[in-house]
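Coordinates in review
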Amino acid sequence: MAKKADLLLHPIRMRIIQQLMLGKPLTAAQLLVELGDVPQATLYRHIHLLIEADMIEVVDTNNVKGTEERVFSVKKDHIQISEKESEVTSQEDHLRHFSAFHANLLQLATSYITENPPSQYKENGFGYWFAPMHLTNDEFQELIDSINTYIERAIQNEPTPERTPRMFAGMFIPQKSKGQSHK
């Protein structure tokens, strides 16, 4: 079996997981509509891989014109990449994974930007930025713990008409400054 990161950080599989995490479980037909540009056979192949990897599951079935239609949901506890896997992944694979992650973010941002005027960005919560920080290892861990607390709480929110689905992506990139090394 492929590494979890290789399975998750594929452009189409990332989009399938994201769609399933945005709200209620979806059928393959609904995923086809939501993804828009993925051929049906390709979608089914990637759904099958995600089921085999235990990352998504069939949570219901519908009988549609004598055919069983499966309803899929993400197994949220099964899509995290472990520290151990991350530590043994080569630098080349990390670069490949980061490129796939970045390409997915670019696709999401491009879709949003082309479908919404700039006057709506603030109201909708769209933005991008970076903020250099100077932190000790303890301060950094405290920051990570507090961010994780708020994100975990927000992830538990059920979809409602009042709640706008928003994709949050973050990263920290240690920077060298004169006379310092990464610790």
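This report concerns the structure included in the present document. (Residues numbered from 1 in each chain as written. Predicted model: local features only at pLDDT ≥ 70, side-chain atom pairs only at ≥ 80, totals over all residues. Heavy atoms only, no water.)

Turning to the overall build of the protein, a few remarks are in order. Summing up its helical and strand segments, the protein has eight helices and three strands in all. Going residue by residue from the N terminus, the α and β elements of the protein occur as α-α-β-α-α-β-β-α-α-α-α. Here the C-alpha coordinates of the protein stretch approximately 70 × 45 × 30 Å along the principal axes. When contacts within the protein are restricted to residue pairs at least 6 apart in sequence, those whose partners lie at least 24 apart make up 55%. Carbon and sulfur atoms make up 54% of the accessible area of the protein, which totals about 13,800 Å². (Helix = DSSP H or I, 4+ residues; strand = E, 2+ residues; numbered from the N terminus. Contact = heavy atoms within 4.5 Å. Areas by Shrake-Rupley, 256 points an atom, 1.4 Å probe, with all protein chains shown as cover.)

Right, let's talk about a nonpolar patch on the surface for a bit. A surface patch of nonpolar side chains, about 290 Å² in accessible area, is lined by F98, M171 and I173. For M171, the location among the structural elements is in the segment after α8 (137-155). (Patch = residues over 30% accessible without salt bridge, like charges linked within 9 Å, V, L, I, M, F, W, Y side chains within 5 Å. Salt bridge = Lys/Arg side-chain N within 4 Å of Asp/Glu carboxyl O.)

Let us look at helix α2 (residues 11-22). Look at α2: 17 Å from first C-alpha to last across twelve residues, which is about the 16 Å you get at 1.5 Å a residue. The buried fraction of α2 is high, at nine of twelve residues. Taken residue by residue, α2 has I12, R13, M14, R15, I16, I17, Q18, Q19 and L20 as its buried positions. (Expected span 1.5 Å × (residues − 1). Buried < 20%, exposed > 50% of the residue type's maximum accessible area, 1.4 Å probe, protein only.)

The next point concerns the packing of α2 against helix α3 (residues 28-35). Contact geometry of α2 with α3 gives a least axis separation of 11 Å together with a crossing angle of 105°. Taken together, the axes of α2 and α3 lie roughly perpendicular to each other. On the side of α2, the interface is formed by R15, I16, Q19 and L20, while α3 contributes L31, E34 and L35. For the contact of α2 with α3, the per-class residue count stands at four nonpolar, one polar and two charged. (Axes fitted to C-alpha atoms, helices over the stretch in contact; angles between N-to-C directions. Parallel < 35°, antiparallel > 145°, perpendicular 65-115°, else oblique. Nonpolar A, V, L, I, M, F, W, Y, C, P; charged D, E, K, R; others polar.)

Positive phi, close to 65°, is recorded for D54, a residue that is not glycine. Within the fold, D54 resides in the loop between α4 (40-52) and β2 (56-64). A residue is classified by how much of its surface remains accessible, and D54, at 30% relative accessible area, is partly exposed. Residues other than glycine seldom take positive phi values, yet K65 does so here, at roughly 50°. By secondary structure assignment, the location of K65 is in the loop between β2 and β3 (67-74). A relative accessible area of 82% places K65 in the exposed class.

All told, the structure shown has six aromatic pairs when counted by the stated rule. Ring geometry for Y112 and Y121: centres 5.5 Å apart, planes at 50°, overall tilted. Here Y112 and Y121 have matching classes, each one buried. Members of the aromatic cluster, connected to one another through ring pairs, are Y112, Y121, F126 and Y128. (Phe/Tyr/Trp six-rings, centres within 6.5 Å; stacked < 30°, edge-to-face > 60°.)

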